[in-house]
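Spelled out, the chains give:
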Amino acid sequence: MLHVIRRGLCAGVVAVGLGFCAWASAESDGLPPMELHKVGQDVYYVQGQSGAASSANAGFISNAGAVATGAGLVVFDTLGTPALGAKMRKLIEEASGEKVKMVVVSHYHADHFYGIQAFAGPGVEIIAHPESVVVFKSDNTTRRLEERRQDLFPWVNDDTHLILAPRQAKITPTQNETFQLGRYHFTLIDALGAHAPDEMMMRVEELGVVFAGDLFFTGRLPFVGDADPKVWLAALDRMSEKPPKIAIPGHGAASYEPDKDLGLTHRYLSYLAAQMAEAVANLQSFDEAYASIDWSEYKDLPAFSLANRINALGAYLNAQRDLLKKQ
């Protein structure tokens, strides 16, 4: 069951016993409105806006969530600026009555981890993928911070500092890490570098909830870019080793029919890989191949016009590399 409740309705909500009230207004702090969605009894998430990160939206374009365990909150991602992270932290701590105990970073892309600054401190353990060290120390991470200080000012500024997780998850492409906090067991799953080299997912075992990061989207096409669709498919298989009841993506709404949404993503990526492999084998140019493929099953889905051609080009280039490896 999903509740989205605004502070202005708080008195009425309490009166009829619908649960919690969590709403942060744009007027109070200059940030975009942030609604706290409650999934079942103990899972919360906030959903970012669509579009690119900017000063106008304060970088609020991604999702982040938390699980109340009875022994503290396990947070998954921290949003795109320290101010957003602080706002989210306040909402989840007020709604759950618990304090943050642990933060899991899905991957070190700016829109998912810049809020760590609002969570770091005594008593809070921060965990990331083993590859996060390399990504964090890369020139790209340094450049992106300078860009964000320009594009997202004042929400990202000279006082914004990035934080590397002190602990790396004990995961590999074939091994998960499971830990317990309070009443729940959590499993960290390697995403195989499909979207980012340091990405991982988190499953809440007793609840069947998966925080899927940027590998999965509800009712729309994924943005695969130059990633290998075959690796992406393998990562989705890792995600669904235990079929989730609910999947919370890194962007967009939660999925209450993850089998259906995973099936759509799986069919699309399989079709993409197969069609581009055939085109490369037949020595077609990308433009020729793209124009000749029947996209009718997918053309009316959200994000098709934005993502499909880019995804197809990435699949074409990966098919070329695969062919060269065989020669």
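Parameters at a glance
Residues numbered from 1 in each chain as written. Predicted model: local features only at pLDDT ≥ 70, side-chain atom pairs only at ≥ 80, totals over all residues. Heavy atoms only, no water. Helix = DSSP H or I, 4+ residues; strand = E, 2+ residues; numbered from the N terminus. Buried < 20%, exposed > 50% of the residue type's maximum accessible area, 1.4 Å probe, protein only. Contact = heavy atoms within 4.5 Å. 1 Å grid on protein atoms, 1.4 Å probe; cavity = no way out; pocket = protein on both sides within 12 Å on 5 of 7 lines; lining within 4 Å. Points joined across faces, edges and corners; volume = space filled by probe spheres on them. Nonpolar A, V, L, I, M, F, W, Y, C, P; charged D, E, K, R; others polar. Pairing = 2+ DSSP bridges. Axes fitted to C-alpha atoms, helices over the stretch in contact; angles between N-to-C directions. Phe/Tyr/Trp six-rings, centres within 6.5 Å; stacked < 30°, edge-to-face > 60°. Lys NZ or Arg CZ within 6 Å of the ring centre and 35° of its normal. Salt bridge = Lys/Arg side-chain N within 4 Å of Asp/Glu carboxyl O. Lys, Arg positive; Asp, Glu negative; His and termini not counted. Polar contact = N/O pair within 3.5 Å; in protein donor to acceptor, adjacent residues only side chain to side chain.

Student: What is the right way to read the side chain of N318 from this model?
Tutor: On the secondary structure map, N318 appears in helix 10 (residues 304-326). Its relative accessible area of 8% is what places N318 among the buried residues. The residues contacting N318, other than those within four sequence positions of it, are D226, A227, D228 and P229.

Student: Could you clarify how one ought to interpret the environment of A58 in this entry?
Tutor: Position of A58 among the secondary structure elements: in the loop between strand 4 (43-46) and strand 5 (64-68). In this structure A58 comes out as buried when scored by relative accessible area, which is 1%. The spacing of A58 and Q41 is 17 residues in sequence and 30 Å in space, taken between C-alpha atoms. For A58, the contacting residues outside a window of four places in its chain are L31, P32, T81, L84, L152 and W155.

Student: Got a minute to help me understand the layout of surface pockets in this structure?
Tutor: Taking a probe equal in size to a water molecule and rolling it over the atoms shows the remaining empty space. One number sums up the size of the largest pocket: a volume of about 930 Å³. What lines the largest pocket is a set of 32 residues, among which I61, D111, D214, F223 and H251 lie closest to the centre. Among the secondary structure elements, those contributing two or more residues to the lining of the largest pocket are helix 4 (110-113), helix 6 (139-151) and helix 10. Per element, the largest residue contribution to the lining of the largest pocket is four residues, and it comes from helix 6. Considering only residue class, the lining of the largest pocket consists of 15 nonpolar, twelve polar and five charged.

Student: When you look at the sheet that holds strand 14 (residues 246-249) in this model, what are you seeing that I'm missing?
Tutor: Read across the open sheet, the five strands follow the order 10-11-12-13-14; overall the sheet is mixed. Because the sheet does not close on itself, it has two edges, and the strands there are strand 10 (177-181) and strand 14. The sheet shows a mean angle of 20° between the axes of neighbouring strands, taken without regard to direction. Packed onto the sheet, helix 7 (residues 229-239) meets strand 11 (184-190), strand 12 (200-204), strand 13 (209-213) and strand 14 and runs at close to 20° relative to strand 12.

Student: I'm lost on the packing of aromatic side chains in this one. Help?
Tutor: Aromatic ring pairs: the centre-centre distance and the angle between the two ring planes describe each pair. The tally for this structure, following the rule as stated, stands at twelve aromatic pairs. Residues F113 and Y114 carry aromatic rings whose centres are separated by 5.0 Å and whose planes lie at 80° to one another, so their mutual orientation is edge-to-face. Across this residue pair, the class does not change: F113 and Y114 are buried. Of the aromatic side chains, those joined through ring pairs into one cluster are Y268, Y271, F286, Y290, W295, Y298, F304 and Y316. The side chain of R220 reaches across the aromatic face of F217, ending 4.2 Å from its centre. A cation sits over an aromatic face here: R309 above Y290, 4.8 Å from the ring centre.

Student: Mind showing me how you'd approach the pattern of salt bridges here?
Tutor: Close approach of charged atoms allows side chains with opposite charge to pair. For the structure on display, the rule yields 18 salt bridges. The residue K87 makes a salt bridge to D29 at a minimum N-O spacing of 3.2 Å. With K87 in helix 3 (residues 82-96) and D29 in helix 2 (residues 26-29), the pair connects residues that are 58 residues apart, well separated along the chain. The salt bridge partner of K230 is D228, with a shortest N-O separation of 3.0 Å. Residue K230 is classed as partly exposed on the basis of its relative accessible area, which comes to 41%. For D228, a relative accessible area of 16% corresponds to the buried category. Three or more residues joined by partner-sharing salt bridges are found here, namely D42, E98 and R183.

Student: In this structure, what is going on with the side chain of D111? I would like to understand it.
Tutor: Relative to the elements of secondary structure, D111 occurs in helix 4. In this structure D111 is buried but unpaired, with R148 as the nearest side chain of opposite charge at 5.0 Å. Looking at D111, its side chain comes within polar contact range of the side chain of H112, at 3.4 Å. Leave out the neighbours within four places in its chain, and D111 touches I61, S62, L79, G80, R148 and H251.

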